[in-house]
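Overview (structure and organization)
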Amino acid sequence: MPAQPMQSSPGGPSEILRLLPAKWHEQFLSEYHGALDAAHEVWRFQQLRDVLHLWHLRAVAYSDPGFDQALQATREDRADEFTPAEQAIPGWPDRL
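Attention in this report is confined to the structure presented alongside it. (Residues numbered from 1 in each chain as written. Predicted model: local features only at pLDDT ≥ 70, side-chain atom pairs only at ≥ 80, totals over all residues. Heavy atoms only, no water.)

Here's the deal with the overall build of the protein chain
- Secondary structure summary: the protein chain contains six helices and zero strands in total.
- For the protein chain, the sequential pattern of α-helices and β-strands runs α-α-α-α-α-α.
- Taking 12 Å as the expected radius of gyration for a compact globule of 96 residues, we find that the protein chain reaches 17 Å, considerably beyond that expectation.
- A principal-axis box enclosing the C-alpha atoms of the protein chain has dimensions of 55 × 30 × 30 Å.
- A buried classification covers 18% of the 96 residues belonging to the protein chain.
- When contacts within the protein chain are restricted to residue pairs at least 6 apart in sequence, those whose partners lie at least 24 apart make up 41%.
- Roughly 7,600 Å² of accessible area belongs to the protein chain as shown, and the carbon and sulfur atoms make up 57% of that amount.
- Both charge centroids of the protein chain, one from 8 positive and one from 14 negative side chains, sit 4 Å from each other. (Helix = DSSP H or I, 4+ residues; strand = E, 2+ residues; numbered from the N terminus. Rg over C-alpha atoms; globule rule 2.2 N^0.38 Å. Buried < 20%, exposed > 50% of the residue type's maximum accessible area, 1.4 Å probe, protein only. Contact = heavy atoms within 4.5 Å. Areas by Shrake-Rupley, 256 points an atom, 1.4 Å probe, with all protein chains shown as cover. Lys, Arg positive; Asp, Glu negative; His and termini not counted. Charge placed at Lys NZ, Arg CZ, Asp CG, Glu CD.)

In structure tokens:
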């Protein structure tokens with residue numbers, strides 16, 4: 001079998017760091033290392049998966065060019081700039 005470079009897995013730490021703006025790297029790495037240390041206990045392994053999943057979602061959002069403007073609109077309660085969850089997410093009202 002020929003040697004091939006390892007591909008980074010979607011949602012893996014290297015992929016998250018690639019997507020994530022630099023200002024978030026320290027926080028991600030801190031939470032990742034904490035979850036990685038905890039994962040030595042078998043019953044806490046899911047915590048590592050959860051941290052990676054949440055940070056992958058954050059990386060996608062934070063790397064969007066319009067994220068900072070959307071965040072500011074949220075802080076200023078400019079609701080008219082957003083689509084309500086019940087319109088954007090099928091079945092949203094049933095989840096409550």
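Resuming the write-up.
Re the packing of aromatic side chains
- Applying the stated criterion across every chain yields a total of five aromatic pairs.
- Seen from their ring centres, Phe-28 and Tyr-32 are 5.7 Å apart, and the 15° between their planes marks the pair as stacked. With Phe-28 and Tyr-32 both in helix H2 (residues 25-38), this residue pair falls four residues apart, about one helical turn.
- Classification of Tyr-32 as buried rests on a relative accessible area of 16%.
- An aromatic cluster is built from Trp-24, Phe-28, Tyr-32, Trp-55, Tyr-62 and Phe-67, whose rings are joined through pairwise contacts. (Phe/Tyr/Trp six-rings, centres within 6.5 Å; stacked < 30°, edge-to-face > 60°.)

Examining H2
- For H2, which comprises 14 residues, the first-to-last C-alpha distance of 20 Å matches the rise-based estimate of 20 Å (1.5 Å per residue) to within 8%.
- Looking only at H2, the buried set comprises Phe-28, Tyr-32, Ala-35 and Ala-38. Viewed end-on, H2 has its buried residues packed into an arc of 125°, placing them on one side of the element. Facing away from the buried side of H2, by more than 90 degrees, are the exposed residues Glu-26, Ser-30 and Asp-37.
- Where H2 is buried, its residues meet helix H1 (13-19) and helix H3 (45-62). (Expected span 1.5 Å × (residues − 1). Arc of directions from axis to C-beta.)

Digging into the nonpolar core
- In this structure, Ile-16, Leu-20, Phe-28, Tyr-32, Ala-35, Ala-39, Leu-48, Val-51, Leu-52, Trp-55, Ala-59 and Tyr-62 together form the largest nonpolar core, which totals 12 residues.
- Those elements that provide at least two residues to this core are H2 and H3.
- Excluding residues within four positions of it along the chain, Ala-35 makes contact with Gln-47, Leu-48 and Val-51. (Core = buried A, V, L, I, M, F, W, Y, C linked by side-chain atoms within 4.5 Å.)

Quick look at the environment of Phe-67
- Checked against the element boundaries, Phe-67 lands in helix H4 (residues 67-75).
- Each C-alpha atom of the pair Phe-67 and Ala-35 lies 26 Å from the other, and the pair is 32 residues apart in sequence.
- Ignoring anything within four residues of it in the chain, the contact list for Phe-67 reads Ala-61 and Tyr-62.

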